[in-house]
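# Residue-level structural notes
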Amino acid sequence: MSREPAALQTAYRDAACGQVDASWVDKEMQIIGWVHRRRDLGGLFFVDVRDRTGLLQLSFGPDWSTSDALGLVAELNPEDVIQARGVVALRPDPNADMLTGEVELRVSELERVSVSDPLPILVYQPPEEDLPSEELRLQHRILDLRRPEMQHNLRLRHAATNAIRASLSEQGFCEIETPLLTRQTPEGARDYVVPSRVHKGQFYALPQSPQLYKQLLMCGGFDRYFQIAKCLRDEDLRADRQPEFTQIDVEMAFVRQDDVFNAAEQMFQRIWKDCMDRDLPGAWERLPHAQAMERFGTDKPDLRIPWEIQDFTDVLTGIGFGIFDATKSAGGRVRGFVVKGGASLSRSRVDAYNELAQEAGAKGALWLKRSEDAWSGQPSKVIGDDVSAELVAQFGIEPGDLVFLVAGEDDLTSRALDLLRRTVAHELDAVATDEEHWLWISEFPLYLKDAETGLPVPAQHAFTMPSNPDPDLIRDDPLSVTAVAYDIVYNGIEFASGSIRCHLPEVQRVILEATGLSPEEIEARFGFLLEAFRYGVPPHGGYAVGLDRVVAVMVGAASLRDVIAFPKTSAARGLLEQSPSNVDPAELKELGIRVDT
RNA sequence: GGGGCUGUAGCUCAGCCUGGUUAGAGUGCCGGUCUGUCACACCGGAGGUCGCGGGUUCGAAUCCCGUCAGCCCCGCCA
């Protein structure tokens, strides 16, 4: 991934442990590191000494070690820090599994630089034993971080940010920091809030993203900005969601969508090249949001799964199957997908998928199996020869295939079919894990309908350019308007999202008003942005990459916690530093805060 | 806010469903033997509030209720 500097030598060491190779043979040297494993053979001792570069075997024997060294080596604990001096020699019996397995350091003198207490969790990972529980790993994070996997993850993360800085800098971007102490803006998620001592009763908000600032920077004449930005959201956690996370935040002025796509593709190509030594294609596939929902039921489709959702309404209605006919007359559709070779799934399996569809909010999932000469499944009784022929012709259903069908409103069927498609594909091993799909999802709707109030709420954020910036259309039929907004989806994972921003103040006001905000509220919350828009706004847009997620994919981590040095638990606690914690009452008083518990 | 899984020796786990002598294994730790190991080997030893509280029972690691913590998911969150 990244090249080590040739010289890691310091006053304590002539080389790092993993750097010692045959070229060192017969040379006298000193080395320093942690005691990884010790093997005591009575008269001889072997110690594997470790630093982040790897392991080096030290050997101790009466013919080449001082008696002090022999006395000390017998007492070493795992994770003591030791410094050894001696001569490098070829091993009589090399260890091919070890990076430095050809050689060893025959130690003459040994010094214990730091003593380790007995370990609560081992750094050395016994074969075929599970890692210590996540709780203990986080509590004793410094020991956990010493493991090669964590070392690798965080160093690859570093390599990724290096590649990002290099690519963006070469493309003319300027890295600028924006405030952490800022003001609340209604951006969907709950804010973390910081009390002001100087202004009692008032609070700063920690940013959910630098969104407004980066747009202000565009207005401020920095036509290409980026930042590796900490973002904070006070929402419940998931394996792929931390309250504190990092975005590669990018914004460009004087651009249209294609310019942004091009810049982002270049950046990811650079990351993949520098960190994984792989060439990514540019000009990624583009899929409008509406099509993604139609064909895959989700705005982040995993294209490694071959099956696509299709519309069965015309073929399966009017043939005497009540559920389908009722769905159609209620304005719904019958949608489904064909599982190639899925007829081998057991009845109980298929029933379990029905329950899954119900959990997703659908009435249930019906199924159809085709064998050599017959159909089975709930609707099979009404499938005559005509319908059978139609199914085969239109959907390519072959003997041995299984079809899942969900009837209802598109919102519900999409959700259920997406969940089924992914679950069944994983269980049947139908995911082409050797493929990599980079995908732009574009033309997101500008608004979504709020389930409770029925009001349009911005689908992205409120500063997105409509595809058709017609104020009348936005006023009259806001939910029909699409936005110049896009996501990067990699194998079903949302890597990034962004948009072209609305630089037209009069359109921006209409967009905000359509969400039910009064002009006074708009002025109070976004006045500083609209003010900036009065003095010549460059057309601009950008995107933000979820760095933690990208790195997690690069290293194959199941959880973001494995690519963050000091992450929070799923209850948003820091186990190492024991956060959050109570605050001294005197301090609270100074802040003018009384705590109700 | 809701649902699910987990919690037993320093660590990783078995035992729990079907309650019953003294709660086991591996590893780590301590002591001993061993001059070419690399998961060193061999011998011996210590180590337990079965997360915590309550209940049922003659008897609870085991059954029930509550609670705490970790993990996963829904809600929430781009």
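Here's a quick rundown of the structure. All values reported here derive from a predicted model rather than from experimental measurement.

Take the overall build of chain A next. A count of helices and strands for chain A gives 17 helices and 22 strands. Overall, the C-alpha framework of chain A stretches about 95 × 75 × 50 Å when taken along its three principal axes. Taking all 597 residues of chain A together, the buried fraction comes to 48%. Across chain A, the mean location of the 62 positive side-chain charges is 3 Å away from that of the 95 negative side-chain charges.

Before going further, it helps to examine the protein's contact with RNA strand B. Taken together, 50 residues lie around RNA strand B, and Arg-37, Asp-40, Glu-104, Arg-106 and Ala-459 are the ones closest in. At the protein interface, 56% of the atoms of RNA strand B within 4 Å belong to sugar or phosphate. Glu-135 places a side-chain nitrogen or oxygen 2.5 Å from a sugar or linking oxygen of RNA strand B. Counting residues per element, the ones that place at least two in the surface near RNA strand B are strand 1 (28–40), strand 5 (103–114) and helix 2 (134–139). When the residues that make up the surface near RNA strand B are grouped by side-chain class, the tally is 19 nonpolar, eleven polar and 20 charged.

What follows is about the sheet that holds strand 21 (residues 493–500). Two pairing modes exist for strands in a sheet, parallel and antiparallel, and in both the strands are linked by backbone hydrogen bonds. Strand order in the open sheet formed by eight strands is 6-9-10-22-21-20-17-11, with mixed pairing between adjacent strands. Both edges of this open sheet fall to strand 6 (174–175) and strand 11 (285–288), since each of them pairs with a single strand only. Relative to strand 9 (residues 224–232), strand 6 is paired through two bridges, and the arrangement is parallel. Opposite Glu-175, over in strand 9, you have Phe-226 as the bridge partner. Helix 4 (residues 148–170) contacts strand 6, strand 9, strand 10 (244–253) and strand 22 (540–546) of the sheet and is inclined by roughly 150° relative to strand 9.

In this section: the nonpolar core. Of all hydrophobic cores here, the largest spans 64 residues; its most connected members are Phe-268, Ile-271, Trp-272 and Tyr-543. Contact partners of Trp-272, with chain neighbours within four places excluded, come to Asp-277, Arg-278, Leu-280, Glu-436, Trp-438, Tyr-490, Phe-495, Val-550 and Met-554. If you look at the next biggest cluster of nonpolar residues, it comprises 25 residues, including Trp-24, Val-47, Ala-84 and Leu-110.

Turning to the packing of aromatic side chains, a few remarks are in order. The tally for this structure, following the rule as stated, stands at 20 aromatic pairs. Pairing Phe-268 with Phe-495 gives two aromatic rings, centres 5.9 Å apart and planes at 10°, and the pair type is stacked. Of this pair, Phe-268 sits in helix 6 (residues 257–276) while Phe-495 sits in strand 21; the two residues are 227 residues apart in sequence, bridging distant segments of the chain. For Phe-268, a relative accessible area of 0% corresponds to the buried category.

Right, let's talk about the sheet that holds strand 12 (residues 310–311) for a bit. Pairing in this open sheet of five strands is antiparallel, and the strands run 12-13-16-14-15 from one edge to the other. Whereas interior strands pair on both sides, the edge strands pair on one side only; in this sheet they are strand 12 and strand 15 (375–376). The pairing of strand 14 (residues 366–370) with strand 16 (residues 402–408) spans four bridges and is antiparallel. Bridge pairing links Trp-367 to Phe-404 in strand 16.

Here strand 3 (residues 54–60) pairs with strand 5 via two bridges, running parallel. Bridge pairing in strand 5 places Leu-58 opposite Leu-105. Here strand 4 (residues 81–90) runs beside strand 5; their pairing, made up of ten bridges, is antiparallel. Residue pairing in the sheet places Ala-84 in a bridge with Leu-110 of strand 5.

Once that is clear, we can look at the environment of Pro-478. By the element assignment, Pro-478 lies in the loop between helix 13 (471–476) and strand 20 (485–490). A residue is classified by how much of its surface remains accessible, and Pro-478, at 12% relative accessible area, is buried. When the C-alpha positions of Pro-478 and Gly-220 are compared, they lie 31 Å apart, and in sequence the two are 258 residues distant.

The next subject is the pattern of salt bridges. Within the structure shown, the criterion is met by 39 salt bridges. Its salt-bridge partner being Arg-190, residue Glu-235 comes within 3.6 Å of it at the nearest N-O pair. You can see Glu-235 sitting in the loop between strand 9 and strand 10 and its partner Arg-190 sitting in the loop between strand 6 and strand 7 (193–195), a full 45 residues away along the chain. Notably, a salt bridge pairs Glu-577 with Lys-568, separated by 4.0 Å at the nearest N-O pair. Accessibility expressed as a relative area gives 16% for Lys-568, which makes it buried. The network of salt bridges with shared partners includes Arg-137, Arg-141, Asp-144, Arg-147, Glu-149 and Asp-562.

Attention now moves to the packing of helix 4 against helix 16 (residues 547–555). The contact between helix 4 and helix 16 brings their axes to 10 Å, and the two run at 120°. What the angle tells us is that helix 4 and helix 16 run oblique. Pair helix 4 / helix 16 crosses with right-handed handedness. Contacts from His-152, Asn-153, Leu-156, Arg-157, Ala-160, Thr-161 and Ile-164 in helix 4 reach Leu-547, Asp-548, Val-551, Met-554 and Val-555 in helix 16. Counted by class, the contact of helix 4 with helix 16 contains seven nonpolar, three polar and two charged residues.

Along helix 5 (residues 211–219), the residues classified as buried are Gln-211, Leu-212, Lys-214, Gln-215, Leu-217 and Met-218. The inward-facing, buried residues of helix 5 abut strand 9, strand 10, helix 15 (519–532) and strand 22. Looking one or two residues beyond helix 5, the residue adopting positive phi is Gly-221, at roughly 95°.

The next point concerns empty space enclosed by the protein. Inspection of the entire model under this criterion finds two cavities of 30 Å³ or more. One number sums up the size of the second largest cavity: a volume of about 50 Å³. Surrounding the second largest cavity, Leu-138, Arg-141, Phe-566, Pro-567, Gly-574, Leu-575, Leu-576 and Glu-577 form its lining. Split by residue class, the lining of the second largest cavity holds five nonpolar, one polar and two charged.

Time to look at the pairing of strand 9. Pairing of strand 9 with strand 10, which is carried by nine bridges, proceeds in the antiparallel orientation. Bridging across to strand 10, Arg-224 finds its partner in Met-252.

A few words now on the environment of Met-150. Within the element layout of this structure, Met-150 appears in helix 4. Residues Met-150 and Val-555, 405 residues apart in the sequence, show an inter-C-alpha distance of 10.0 Å. When residues no more than four places from it in sequence are discounted, the contact partners of Met-150 are Arg-137, Arg-141, Asp-144, Leu-145, Arg-561, Asp-562 and Ile-564.

Reading guide: rules and limits
Residues numbered from 1 in each chain as written. Chains lettered and ligands numbered in written order. Predicted model: local features only at pLDDT ≥ 70, side-chain atom pairs only at ≥ 80, totals over all residues. Heavy atoms only, no water. Helix = DSSP H or I, 4+ residues; strand = E, 2+ residues; numbered from the N terminus. Buried < 20%, exposed > 50% of the residue type's maximum accessible area, 1.4 Å probe, protein only. Lys, Arg positive; Asp, Glu negative; His and termini not counted. Charge placed at Lys NZ, Arg CZ, Asp CG, Glu CD. Near = heavy atom within 4 Å. Polar contact = N/O pair within 3.5 Å; in protein donor to acceptor, adjacent residues only side chain to side chain. Nonpolar A, V, L, I, M, F, W, Y, C, P; charged D, E, K, R; others polar. Pairing = 2+ DSSP bridges. Contact = heavy atoms within 4.5 Å. Axes fitted to C-alpha atoms, helices over the stretch in contact; angles between N-to-C directions. Core = buried A, V, L, I, M, F, W, Y, C linked by side-chain atoms within 4.5 Å. Phe/Tyr/Trp six-rings, centres within 6.5 Å; stacked < 30°, edge-to-face > 60°. Salt bridge = Lys/Arg side-chain N within 4 Å of Asp/Glu carboxyl O. Parallel < 35°, antiparallel > 145°, perpendicular 65-115°, else oblique. Left-handed = near helix turned anticlockwise from the far one by under 90°. 1 Å grid on protein atoms, 1.4 Å probe; cavity = no way out; pocket = protein on both sides within 12 Å on 5 of 7 lines; lining within 4 Å. Points joined across faces, edges and corners; volume = space filled by probe spheres on them.

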